[in-house]
Each structure stands twice: as structure tokens, then as C-alpha cells.
Amino acid sequence: MHCVFWPPNLATRPVVHTHHAVSWRWLAVLGGVHIFLAGVLSALLQEAWGFWWQVGVHTAFLAPLLLVGFPLVRERKPGPSSRGVLLLVLAAGLVSRAFLVGVPPAPQADIHRMIWEGRVPSLGGDPYRHAPDAPELADLAAALPETRAGVNHWKLPAIYPPAAQLFFRATTAISVHPRTMKGALVLVEGVLIFALIQ
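The notes below deal with the structure included here. (Residues numbered from 1 in each chain as written. Predicted model: local features only at pLDDT ≥ 70, side-chain atom pairs only at ≥ 80, totals over all residues. Heavy atoms only, no water.)

1. Digging into the packing of helix α4 (residues 110-119) against helix α8 (residues 178-197)
- α8 packs onto α4 with a crossing angle of 100° between their chain directions and a minimal axis gap of 10 Å. The angle between the axes of α4 and α8 places the two elements in the roughly perpendicular class. For the pair α4 and α8, the contacting residues are Ile111, Met114 and Ile115 in the first and Pro178, Met181, Lys182 and Leu185 in the second.
- Residue classes in the contact of α4 with α8 are distributed as six nonpolar, no polar and one charged. (Axes fitted to C-alpha atoms, helices over the stretch in contact; angles between N-to-C directions. Helix = DSSP H or I, 4+ residues; strand = E, 2+ residues; numbered from the N terminus. Parallel < 35°, antiparallel > 145°, perpendicular 65-115°, else oblique. Contact = heavy atoms within 4.5 Å. Nonpolar A, V, L, I, M, F, W, Y, C, P; charged D, E, K, R; others polar.)

Right, here's the structure in full:
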């Protein structure tokens, strides 16, 4: 004999934490605003005001994210599904990198060395044998003065592995502009992320 109870047991129904969902939505919204405004301002003003302007902008927009996000993490409030979080993180990463591709690299950034080492073989040099200050690379320094000025640790040869050197060489064969190297790196990141989530 089956007993039917009405109304059904409310304990079996999923509990919807509306206020928690709203908090996570606010965190997502603030994160999107942070990426958009920081990216736009950095792209517009970083070249004129310098690298530390970009750091200051990101730090300023990080404050509201911490104010909203820290209580959620500390109290372990339930958030969106893992798939929703993954898609949100990937979208945020894609947008932020799209903004930064057009931003001029900071002085002494690693991307200058990547471009430099990608062009060393074009003169018959070996980035593992010839440091950037080697006399054998004087013609390359004259051809790429801005890149040469941005290379850090002039007296040290390459430390990137051979696969990375092949990547640098292939990319700089297309263009030596920093945007090209940045775009290629973002493309590689996208391929690796896609492979990991499969």
C-alpha cells in the first residue's frame, strides 16, 4: 500500500540561495567592469604615462572585486555550477588578453627577449651561445634597436627551451612587432586550454 502525502516533503526540494546567487552575479559583473575599464584605460594611457599607470589602474579596480569576493570565499557561499565558472573564467581571460595584445610592452619585458632570440638564427647566431651583448650580433642590434634596448640581462644567453626557440623563430619570421608575438602567445594559450578542458 502506497501512502501519498500532500503537500510533498519540502526537504526534498533543492534550496535556492537567491541572495548568494545575486552576490556571485555582482562579483561577475564587477569582474567584467574591471577587465573592460582597466583594459581600455591601459591601452589608451599606458604608452603616455608609463607602465606604473597600468599597475595603478588594475589595483584600483581590484578593490571592489576583493570587497565582494572575499566574504563569499570566507563564508563558502554556494556559487554557480563548475561549468558556468569555467566558461566565465575563460571568457574573462579571453577579453583581458584581447585588450593587452594592443598595449605596448613594458620596458625590460620578456617579450623583447623572445623577439630578439627569434631573430638571432637569421644571422647565423645561436641564442644558447651568443648573449645579446655578443659582438657577433651587432648587426641585429642595429636592425632592432628598440628590441635590443628592451632585452634584460644582456650578458646571459637564452634559457628558453628549444621548442620555445622554434616558436619564437616562426613568429618573428612573420613580424617582429610585439603585437604579433603577443597574439601568437594568446593563440597557444587558447589551444592548450581547449586541450585541457576536453
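2. Regarding the pattern of salt bridges
- Under the counting rule described, the total for this entry stands at two salt bridges.
- For Glu117, the salt bridge goes to Arg113, with nearest N and O atoms at 2.8 Å. Here Glu117 and its partner Arg113 are both found in helix α4, four residues apart, which amounts to about one turn of the helix. As far as the burial class goes, Glu117 and Arg113 line up, both buried. (Salt bridge = Lys/Arg side-chain N within 4 Å of Asp/Glu carboxyl O. Buried < 20%, exposed > 50% of the residue type's maximum accessible area, 1.4 Å probe, protein only.)

3. Quick notes on the side chain of Arg113
- Residue classification places Arg113 among the buried residues on the basis of a relative accessible area of 8%.
- Setting aside chain neighbours within four positions, we find Arg113 in contact with Pro132, Val151, Asn152, His153, Trp154, Leu156, Pro157, Ala158 and Tyr160.

4. Some points on the environment of Pro121
- You can see Pro121 is positioned in the loop between α4 and α5 (138-143).
- For the pair Pro121 and Arg169, spaced 48 residues apart in the sequence, the C-alpha separation amounts to 7.7 Å.
- Filtering out sequence-adjacent residues up to four positions away, Pro121 remains in contact with Pro127 and Arg169.

So yeah, pure geometry; function would need other evidence.
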